[in-house]
Amino acid sequence: MAKDSPRTTKTSRVASNPSVSIWAAQCGKCYKWRKISTQEEFEEIRSKFNEEPFHCENKPNGSCDDPADIEYDSSHTWAIDKPNQPKTPTGFKRELYLRSDYSKMDAYYITPSGKKLRSTNEVAAFLQQNPEYSDLSTSNFSFKSPKIMDDTIPSSSTK
Ligand SMILES: [Zn+2]
């Protein structure tokens, strides 16, 4: 059980830089944290989170009676994601990098050809130059990064 008031948004937990080591979602009924096995699955949950809150039963054999998969505490650094962000388009990869001072995470997209896109402007330019992705628009990409939870930043890290 989280020590803070229950959160209704999903979370990614960050163990090391770069990228996220564990994806997790909080049950809207019992407030326990459930591990989500893949980023794809996490993004699926996140993309419709406001309409379909996550519940333990969404996982195979899941139940609110089971102990939490992980606890929200300072043994790892947590970052809380914003709900209802678009799923990463097929073939693209979304990466999150935690800054070494724990100040924030940066979101990037890697295109199928391996190009790194750092902003909506870069996405717009890429889509313009690559008409094969004409079914995509900048709204399929989100550079909103999850919020680092101050109370889970290692105390050895001083800003
Ligand atoms: Zn539950």
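All residue numbers refer to positions counted from 1 along the written sequence of the respective chain. Where totals are concerned, whole chains, interfaces and linings use all residues; where local detail is concerned, this predicted model gives features only for residues with pLDDT of at least 70, and gives and counts side-chain atom pairs only at 80 or more.

Chemist: Can you walk me through the overall build of the protein in this structure?
Modeler: Check the secondary structure of the protein and you find 2 helices and 8 strands. The helix count covers DSSP runs of H or I at least four residues long, the strand count covers runs of E at least two residues long, and both are numbered beginning at the N terminus. Counted from the first residue to the last, the protein has its helices and strands arranged as β-β-β-α-β-β-β-β-α-β. Residues are called buried when their C-beta atom has 20 or more other C-beta atoms within 10 Å, exposed when it has 12 or fewer, and partly exposed otherwise; all C-beta atoms are positioned from the backbone. Relative to its 159 residues, the protein shows a buried fraction of 23%. This entry defines residue contacts through backbone-placed C-beta atoms, with two residues in contact when those atoms are within 7 Å. Counting contacts in the protein only where the partners sit at least 6 residues apart, residues at least 24 apart contribute 64% of the total.

Chemist: Where do I start with unusual backbone geometry in this structure?
Modeler: For residues besides glycine, phi is generally negative; the peptide bonds are generally trans as well. Of note, Tyr-31 is a non-glycine position whose phi angle comes to about 65°, a positive value. Along the chain, Tyr-31 falls in the loop between β2 (22-26) and β3 (33-36). For Tyr-102, which is not glycine, the phi torsion reads 65° and is therefore positive. Here Tyr-102 shows up in the loop between β5 (93-98) and β6 (105-110).

Chemist: How should I be thinking about the nonpolar core in this particular structure?
Modeler: Most often, soluble globular proteins keep nonpolar side chains buried together rather than apart. Each nonpolar core reported here comprises buried Ala, Val, Leu, Ile, Met, Phe, Trp, Tyr and Cys residues connected via C-beta atoms within 7 Å. Formed by 18 residues in total, the largest nonpolar core has its most connected members in Trp-23, Ala-24, Ala-25, Ile-36, Phe-42, Ile-45 and Phe-54. Those elements that provide at least two residues to this core are β2, β3, α1 (39-47) and β4 (77-80). Take this core: its biggest share by element is 3 residues, from β2. Ranked by size, the runner-up nonpolar core spans 5 residues in total, among them Tyr-109, Leu-117, Val-123 and Leu-127.

Chemist: Explain the confidence of the model for the protein to me, please; I cannot follow it from the model alone.
Modeler: Keep in mind that low pLDDT regions are not for reading the predicted coordinates in detail. Mean pLDDT for the protein: 87, with 86% of residues reaching 70 or above. Per-element confidence in the protein ranges from a low mean pLDDT of 52 for strand β1 (residues 11-14) to a high of 98 for helix α2 (residues 120-129). For every residue, the predictor assigns a confidence score, pLDDT, that lies between 0 and 100. Scored below 50 in pLDDT, residues 1-10 shows 25 contacts in the model against residues more than four places distant or in partner chains.

Chemist: Any chance you could explain the sheet that holds β5 here in plain terms?
Modeler: Read across the sheet, 3 strands follow the order β5-β6-β7 without closing on themselves; strand pairing throughout is antiparallel. The sheet terminates laterally at β5 and β7 (116-117), the two strands that pair on one side only. In short, DSSP must find at least two bridges between two strands for them to pair. Note: β5 against β6, 6 bridges, orientation antiparallel. Bridged to Tyr-97 within β6 is Asp-106.

Chemist: Whenever I open this one, the environment of Lys-29 confuses me. Can you help?
Modeler: Of note, Lys-29 is situated in the loop between β2 and β3. We classify Lys-29 as partly exposed; it has 13 C-beta atoms within 10 Å. Lys-29 sits 27 residues away from Cys-56 along the chain, and the two C-alpha atoms are 8.2 Å apart. Lys-29 has contacts with His-55 and Cys-64, leaving out every residue within four places of it along the chain.

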